Amino acid sequence: NKHLILVCYLRMMEVEVGHHSVLLARSEGKYSALGNQCTHYGAPLSKGVISGHKVRCPWHGSCFNVHTGDLEEYPGMDCLPCHKVKIQNSKVYVSINKKTLRQAKRIKSMGAAVPGVTHTILLLGGGAASLICAEILRQENFGGRIIMASRDHLLPYDKTRLSKVMNVESDTIVLRRMEFFHQYDIEVWLRKEALSVDTDKKTVTFDDGTVQSYDHLLISTGCRAKGLDVPGMKLDNVKMLETPEDAQQIHAACLGCNVVLVGTSFVGMEIASYLIDKSSSITVIGSSELPYQNTLGREIGKITMMMLSEKNVKFYMNDIVTEVRGAGGKVKEVALKSGKTIPADVLIVGIGIKPNSEFLRGSKIQMDSKNFVIVDKYMRTNVPDVFCGGDLATFPLAMAKNQLVNIGHWQMAQAHGRIAALNMINKQTELNSVPFYWTVLLGTTIRYAGYGEGYTDIVMKGKYEDGKFLALYIKDDQVIAAVSLNYDPAVSAVAERLLTGRVITKKEAEYVTTPYFYDSFCLFLVEYNLNNG
């Protein structure tokens, strides 16, 4: 077994070249040298998972081709720089161009508009799905017109940061500068909202009265925060998080104040965590018994409550807000169904989302009972040449036997954009991504991969008290999801297994979480199969 461990580790390693970290990998009999920092948030790829020709980031699951450095899975957006490798006298030599040495990331080669090509692709929404769709189209040398229309006043930005660093400056989270869009002939229309779609005429009407025709259409207008339907919601200092401006306002309003937060979603818990050393008090009101109860289950909900309670966050669970009371036009207190009254200077509402799909009413585009748009595994709606992606889409999840799901993960929205782009230009490609999510609480990151709905058992290793745990969600005797804290790269390893369709049985999950395999979970998923035929 120990020999097998060594072989696995030698498939990639970090080496230093000119005081710079380089990833040296051996895959399919070939050596490659790449930048060692993930282009997403800079994680060391040498501590990730290598599978076939691909290395997966240990932090957030981005994947890169080890031969070319090209990005193969999100949330990263850029490729890795590649370096020359030479084998001589049984030694591996890596040589690096000085220009390349200064580049931590590389934009994949992209084309631009071709004069005379009139084919128009219209992208509604300025989020992750639209941005990636536009980039993939140009990477595939689509030479027609690309228009991205967004009601936002900002270029596409990293929305995952808003609840984690709430005083963030808008300019620091923009994903691409305007120069980028100009260079690759991607038209960006800001402050422009779609009012209706005519799929017969292939036109979209906007709020300024303009009408734009299209040959292909991507609808990725996302969702918005759902408000409380109770008296007092129009008082000052009732906040909801949707934009960088909202985040900044929440940060400023909560300094030294009594904060009440309604909702125990990922975003809600991140906001509570962020405000701990900034607010006078924080009270969380949840309608369920535990946070994340319907997504991560009771165990992780308990851990989350424990983490935040230790920092004096108060929880009122199995309760709902019935009234928001004010004085002088501002929030003063929050009344609960249980009869309790909570003092509040600021009320933050994070109880869920509503799809931005009102403009599709009256069109032929099919939606489900909650007004999310239904698509197939190619991101196609029921109307020819109309696609949908991102939080607005209900789509078949390959790893869940093509069950129709709605998953509002950043990485999934990016994957939707890629699949839509390829199928628009007749490069038939199915959606096969595994959901990957992360949340930050008290400076530590909890990672999650898979789709755990309907799980019946959990295989757990480690304890929150030890600052390290891994939970594997079991359904029908196999792993369907994983969540971890300080157990990298276990969740990335599970994501890779789920992607390839190689089942992790409950027995295997229990085997690989014995203490001996504690720090090398990903390697021993491979070893278990070797030992057991």
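Everything discussed here concerns the structure shown above.
For clarity, every value in this text was computed on a predicted model and none was experimentally measured.

The helix and strand inventory of the protein stands at 11 helices and 35 strands. Taking 533 residues into account, the globule formula puts the C-alpha radius of gyration at 24 Å, and the protein, at 24 Å, falls close to it. With 533 residues in all, the protein has 54% of them scored as buried. Looking at the protein alone, contacts between residues at least 24 apart form 59% of all its contacts between residues at least 6 apart.

For the rest of this paragraph, the subject is unusual backbone geometry. Cis geometry is adopted by the peptide bond preceding P489, which originates at D488 and carries an omega value of 0°. Of note, P489 is situated in the loop between β35 (478-485) and α9 (490-500). Residue N237 is not a glycine yet carries a positive backbone phi of 70°. Take N237: it is sitting in the loop between β17 (223-225) and β18 (238-239). Among the residues examined, N237 registers a relative accessible area of 23% and is labelled partly exposed. At D476, a residue that is not glycine, the phi angle is positive and equals roughly 55°. Its place among the elements puts D476 in the loop between β34 (468-475) and β35.

Here we come to the sheet that holds β35. Pairing is antiparallel in the open sheet, where 5 strands are placed in the order β31-β32-β35-β34-β33. If you trace the sheet from one side to the other, it starts and ends with β31 (436-441) and β33 (457-463), each paired once. Averaged over all pairs of adjacent strands, the angle between strand axes in this sheet comes to 15°, irrespective of strand direction. The sheet contacts of helix α7 (residues 297-309) involve β31, β32 (444-450), β33, β34 and β35, and relative to β34 the element is tilted by about 155°. In the packing of α9 onto the sheet, the strands contacted are β31, β32, β34 and β35, and the crossing angle to β35 comes to about 160°.

Taken together, the side chains of K226, K354, R361 and K370 make up a positively charged region of the molecular surface. Its location among the elements puts R361 in the loop between β26 (353-355) and β27 (373-374).

Turning to the packing of aromatic side chains, a few remarks are in order. With the rule as written, the count across this model stands at 8 aromatic pairs. Note on Y41 and W438: the rings are 6.5 Å apart at their centroids and 85° apart in plane angle, and the pair reads as edge-to-face. Placement of Y41 in the loop between β3 (30-35) and β4 (49-51) and of W438 in strand β31 is noted, with a sequence separation of 397 residues between them. Its guanidinium or amino end placed over the ring of F206, K192 lies 5.5 Å from that ring's centre, counting from NZ or CZ. In this structure, K468 is placed above the aromatic ring of Y487, and the distance from its NZ or CZ to the ring centre is 5.9 Å.

Moving on, we come to the sheet that holds strand β25 (residues 346-349). The 5 strands lie next to each other as β18-β25-β19-β20-β21, forming an open sheet whose pairing is parallel. On the outer flanks of this sheet lie β18 and β21 (314-316), each paired with one strand and no other. As judged from the 5 bridges shared by strand β19 (residues 258-262) and strand β20 (residues 281-285), these two strands associate in the parallel manner. By the bridge assignment for β20, V259 is matched with I282.

Reading guide: rules and limits
- Residues numbered from 1 in each chain as written.
- Predicted model: local features only at pLDDT ≥ 70, side-chain atom pairs only at ≥ 80, totals over all residues.
- Heavy atoms only, no water.
- Helix = DSSP H or I, 4+ residues; strand = E, 2+ residues; numbered from the N terminus.
- Rg over C-alpha atoms; globule rule 2.2 N^0.38 Å.
- Buried < 20%, exposed > 50% of the residue type's maximum accessible area, 1.4 Å probe, protein only.
- Contact = heavy atoms within 4.5 Å.
- Pairing = 2+ DSSP bridges.
- Axes fitted to C-alpha atoms, helices over the stretch in contact; angles between N-to-C directions.
- Patch = residues over 30% accessible without salt bridge, like charges linked within 9 Å, V, L, I, M, F, W, Y side chains within 5 Å.
- Areas by Shrake-Rupley, 256 points an atom, 1.4 Å probe, with all protein chains shown as cover.
- Salt bridge = Lys/Arg side-chain N within 4 Å of Asp/Glu carboxyl O.
- Lys, Arg positive; Asp, Glu negative; His and termini not counted.
- Charge placed at Lys NZ, Arg CZ, Asp CG, Glu CD.
- Phe/Tyr/Trp six-rings, centres within 6.5 Å; stacked < 30°, edge-to-face > 60°.
- Lys NZ or Arg CZ within 6 Å of the ring centre and 35° of its normal.

Purely geometric numbers; function is a separate question.
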